[in-house]
Amino acid sequence: MYTQGLDQKGQSDKRDGLESAADRKAFQKRVDAEEKIEAKDWMPEAYRRTLIRQISQHAHSEIIGMQPEGNWLTRAPSLKRKAILLAKIQDEAGHGLYLYSAAETLGVSRDQMVGDLLSGKAKYSSIFNYPTLTWADIGAIGWLVDGAAIMNQIPLCRCSYGPYARAMVRICKEESFHQRQGFDILVELCKGTPEQKAMAQDALNRWWWPSLMMFGPSDAESKHSAQSMAWKIKRFSNDELRQKFIDVTVPQAEFLGLKVPDDECILDKQTGHYRHGEIDWQEFIEVLKGNGPCNKQRMEKRRNAHEDGRWVREAARAYAEKRAAKAA
Amino acid sequence: MNREQALLAYVSRLGDNALILGQRMVELVAAYPELEEELANANFALDFIGQARMFYTYAGELEGKGRGEDDFAFLRDENEFRNILLIEQPNGHFGDSITKLVLFESFYLLLLEALKRCADQRVAEIAARAEKEIRYHLRHNTQWFLRLGDGTDESHERVQGSLDNLWQYTGEMFAADEIDQIFAASFNGPDLDAIHDQWMMNVTAIICEATLAQPGDGWMASGGKQGHHSEHLGYMIAEMQYLQRTHAGATW
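Note that the structure is a prediction, hence the values are computed from the model and not measured.

### Thoughts on the overall build of chain A
Helix and strand counts for chain A stand at 12 helices and two strands. Listing each helix as α and each strand as β along chain A from the N terminus yields α-α-α-α-α-α-α-α-α-β-β-α-α-α. At 21 Å, chain A has a C-alpha radius of gyration in line with the 20 Å of a compact globule built from 328 residues. Taking the contacts inside chain A whose residues are at least 6 apart along the sequence as the reference set, 80% of them involve residues at least 24 apart. Total accessible area on chain A is roughly 14,400 Å²; 54% of this is exposed by carbon and sulfur atoms. Charge separation in chain A, taken as the distance between the mean sites of 49 positive and 45 negative side-chain charges, equals 5 Å.

### A short note on the pattern of salt bridges
Residues and elements named next belong to chain A. Applying the stated criterion across every chain yields a total of 40 salt bridges over all chains. A salt bridge links aspartate 137 to arginine 206, with the shortest nitrogen-to-oxygen separation between them at 2.7 Å. With aspartate 137 in helix H5 (residues 135-156) and arginine 206 in helix H7 (residues 194-213), this pair connects stretches of sequence that are 69 residues apart. On the basis of relative accessibility, which here comes to 0%, the residue aspartate 137 falls in the buried class.

### Quick notes on the environment of A:Asn291
Residues and elements named next belong to chain A. Examined against the element boundaries, asparagine 291 turns out to sit in helix H10 (residues 281-291). Taking relative accessible area as the criterion, asparagine 291 reaches 47% and is therefore assigned partly exposed. Separated by 162 residues in sequence, asparagine 291 and asparagine 129 have C-alpha atoms that sit 8.9 Å apart.

### With respect to the layout of surface pockets
Looking at the second largest pocket, its volume works out to about 450 Å³. In terms of lining, the second largest pocket is formed by 20 residues, of which the most central are A:Val114, A:His306, A:Arg313, B:Pro33 and B:Glu34. Counting residues per element, the ones that place at least two in the lining of the second largest pocket are helix H2 (45-70), helix H4 (110-119), helix H11 (295-308) and helix H12 (310-327) of chain A together with helix H2 (35-63) of chain B. Here the element with the most residues in the lining of the second largest pocket is H4(A); it accounts for five residues. Its residues assigned to classes, the lining of the second largest pocket shows 11 nonpolar, one polar and eight charged.

### Notes on helix H11 (residues 231-246) of chain B
The first and last C-alpha atoms of H11(B) sit 22 Å apart over 16 residues, in line with the 22 Å expected at 1.5 Å per residue. If you check which residues of H11(B) are buried, you get B:Leu233, B:Met236, B:Ile237, B:Met240, B:Gln241, B:Leu243 and B:Gln244. In this fold, the buried residues of H11(B) make contact with helix H3 (79-104) and H5 of chain A together with helix H1 (3-26), helix H3 (69-74) and helix H4 (85-88) of chain B.

### Looking at the side chain of B:Asp120
Residues and elements named next belong to chain B. The residue aspartate 120 is located in the loop between helix H5 (94-115) and helix H6 (121-149) in this model. Of the side chains with opposite charge, arginine 122 lies nearest to the buried aspartate 120, which makes no salt bridge, at 7.1 Å. Within the structure, the side chain of aspartate 120 is placed 3.0 Å from the backbone nitrogen of valine 123, a separation counted as a polar contact. With residues near it in sequence (within four places) discarded, aspartate 120 still touches Leu7, Tyr58 and Phe187.

Each value, and the rule that gives it
Residues numbered from 1 in each chain as written. Chains lettered and ligands numbered in written order. Predicted model: local features only at pLDDT ≥ 70, side-chain atom pairs only at ≥ 80, totals over all residues. Heavy atoms only, no water. Helix = DSSP H or I, 4+ residues; strand = E, 2+ residues; numbered from the N terminus. Rg over C-alpha atoms; globule rule 2.2 N^0.38 Å. Contact = heavy atoms within 4.5 Å. Areas by Shrake-Rupley, 256 points an atom, 1.4 Å probe, with all protein chains shown as cover. Lys, Arg positive; Asp, Glu negative; His and termini not counted. Charge placed at Lys NZ, Arg CZ, Asp CG, Glu CD. Salt bridge = Lys/Arg side-chain N within 4 Å of Asp/Glu carboxyl O. Buried < 20%, exposed > 50% of the residue type's maximum accessible area, 1.4 Å probe, protein only. 1 Å grid on protein atoms, 1.4 Å probe; cavity = no way out; pocket = protein on both sides within 12 Å on 5 of 7 lines; lining within 4 Å. Points joined across faces, edges and corners; volume = space filled by probe spheres on them. Nonpolar A, V, L, I, M, F, W, Y, C, P; charged D, E, K, R; others polar. Expected span 1.5 Å × (residues − 1). Polar contact = N/O pair within 3.5 Å; in protein donor to acceptor, adjacent residues only side chain to side chain.

Next comes the structure, spelled out in structure tokens:
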């Protein structure tokens, strides 16, 4: 999974003013030369903040993303599908772990990041605020949501910040596996009974537009894109990536015998790209504000898990302290 | 009951224990106290589901009626499941889950070690693979059991409660019925009395190290191995089987 184009308004920091123009220029020169910036290297504070925000959002998305898929673990229709889904969710927990570690190299602790998620200060990808209503949704998440994520993440493997770029290499490999597994669920449903095929179409109808929104607002609206591009954190614009996703995905829907829920989605022979209808950005904004179908539920489950685990974490700490005292 | 029937019943019972425990663990996904434990739980649950698949596939072959792993998992009724009662108990809190795993896996590891030496080659092969997995689980879960027992006053009290509640389900693991007896006699299967003695020694040592009080000998619940379950299993099976039951004959 991934962090959507949450190009939030940048917060300036008094430390920004202390940076010399020469340092910034030297930094930009390294970035332009495609050198990797490493944890101990000098970097502008704004670069550091942007990365912390983006990587931690990405990590939070992996963790919250376990919930909609976990919703079908106990009801997966075969042991093989159950095992595949469980392995996928386990991968996501693993992605969360490496991403938190990558963010920690920038000087923020996992506890702080988790605290920001639980308090609602930090965001996660809005796609996970939609419900998984049928088994076909598990296929659709793999195919569309992971598919959209991959479009965003492949360029991140070349991100200027070394620890993030390296984490993304491994994550991308696993995500592309997940996408194929999701598509495979839908292939099976589409060649199955009429009820199974209807389930697949219904899932596509519900997940199509939210998947397109995952790329974030249109370039014209996107406030931070230019700076992130200059820093080579971002390589392509939101619209370019969205178009690429549509061009790849529509033929796959046709292969399945399904129709994307957009009457304007036709191939423009002149450009070679599929057109698409207007995206309902009002819906996106509402979900981002907390008014999606599952925002409250997702956060409540995460907070409860954290609270329910408090006594366990305290026990582990107390045990470690007792051992340390005995050893001393 | 002849030796072939006993072998089939024995193998599908091993599958039932693995599946029901795996399914209980799957219920906990996205609710663990630490991210590292999420990974551990998913990993362990995957091992159990994998073991269930191997045992059920073999059971289907032994039966010879064309049933596969999913027929065993999704198309049998509650009373056809022969797992022990301990593992179908609801998850409760983290201490309950850990205690359940320590009690069961301390037994299961010894059982698998014995099964590795049994006369049925396929069971021996599956057991050899499962043994490696369970040895690792038990090491991990025992570490948690010690931390909860010898952690804070609260954790000590909670996990003592878990142990006191779950202890009554441990007797069933060692209560040999006709299937166990035939399997032991005809396939050089495990001696449950010997396993019980070893288990008691191992578990007593862990409980002692965790600074907990070992529950006394008392009444032991049983029935799971004969298909007489607690009320909890029915809900779990209903949830697990719903898609297969609703869309009869569909493939997934």
